[in-house]
Amino acid sequence: MKKQKKRFVLAEASLNEVNKQLNVNMFVIGVLVIMLFLDLAHFIKEYSVFYGVLVAIMIVLLFFTLKSRKLLKLRKQELS
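Predicted model, so just to flag it, every value in this text is computed and none were measured.

Thoughts on a nonpolar patch on the surface
A surface patch of nonpolar side chains, amounting to about 420 Å² of accessible area, comprises V24, F27, V28, V31 and M35. Residue placement: V31 occurs in helix α1 (residues 15-46).

So, in structure tokens, the structure goes:
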């Protein structure tokens, strides 16, 4: 039989797993912020629709990433 890979499930996560996910989340937020500023600089320089759309996408992704960080922090508080 084929074993399923264990996925990260917030409800079943231990404190170590939540801390690991918080570190990954912080890295992703950093990358998104850097990409957002680079796209914003290109948009201001060129006034391109493409870069405007990229800026909007980065803002939405950053919003969802920050929401997931809040959920991870709540779970960390529950566990500790």
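Considering the packing of aromatic side chains
With the rule as written, the count across this model stands at three aromatic pairs. Centre to centre, the rings of F43 and Y47 are 5.9 Å apart; their planes meet at 70 degrees, and the pair counts as edge-to-face. F43 sits in the partly exposed class, given a relative accessible area of 29%. On the basis of relative accessibility, which here comes to 64%, the residue Y47 falls in the exposed class.

A few points about α1
Side chains three or four residues apart in an α-helix point the same way, a direct result of the helix having 3.6 residues per turn. If you check α1, its first and last C-alpha atoms are 46 Å apart, about what 32 residues at 1.5 Å a residue would give, namely 46 Å. Within the sequence span of α1, burial applies to V18, L22, N25, I29, L32, L36 and D39. Residues of α1 that are buried in the fold lie against α2 (49-79). Y47 occupies a position one or two residues after α1 and carries a positive phi of about 50 degrees.

Brief notes about the side chain of T65
As for its position among the elements, T65 is in helix α2. According to the relative accessible area criterion, T65 is buried, its value standing at 12%.

Quick notes on the packing of α1 against α2
It is at 9 Å that the axes of α1 and α2 come closest, and there the two elements cross at 160 degrees. By the criterion of interaxial angle, the relationship of α1 to α2 is roughly antiparallel. As α1 packs across α2, the resulting crossing turns out to be left-handed.

Focus on the nonpolar core
Counting residues in each nonpolar core, the largest one holds six residues, listed as I29, L32, L36, V55, M58 and L62. Of all the secondary structure elements, the ones that give two or more residues to this core are α1 and α2.

Quick look at the pattern of salt bridges
In this structure the tally under the stated criterion is one salt bridge. The salt bridge partner of R75 is E78, with a shortest N-O separation of 3.2 Å. Of this pair, R75 and E78 both sit in helix α2, three residues apart, roughly one helical turn. R75 gets classed as buried once you look at its relative accessible area, which sits at 16%.

What counts and what doesn't
Residues numbered from 1 in each chain as written. Predicted model: local features only at pLDDT ≥ 70, side-chain atom pairs only at ≥ 80, totals over all residues. Heavy atoms only, no water. Patch = residues over 30% accessible without salt bridge, like charges linked within 9 Å, V, L, I, M, F, W, Y side chains within 5 Å. Areas by Shrake-Rupley, 256 points an atom, 1.4 Å probe, with all protein chains shown as cover. Salt bridge = Lys/Arg side-chain N within 4 Å of Asp/Glu carboxyl O. Helix = DSSP H or I, 4+ residues; strand = E, 2+ residues; numbered from the N terminus. Phe/Tyr/Trp six-rings, centres within 6.5 Å; stacked < 30°, edge-to-face > 60°. Buried < 20%, exposed > 50% of the residue type's maximum accessible area, 1.4 Å probe, protein only. Expected span 1.5 Å × (residues − 1). Contact = heavy atoms within 4.5 Å. Axes fitted to C-alpha atoms, helices over the stretch in contact; angles between N-to-C directions. Parallel < 35°, antiparallel > 145°, perpendicular 65-115°, else oblique. Left-handed = near helix turned anticlockwise from the far one by under 90°. Core = buried A, V, L, I, M, F, W, Y, C linked by side-chain atoms within 4.5 Å.

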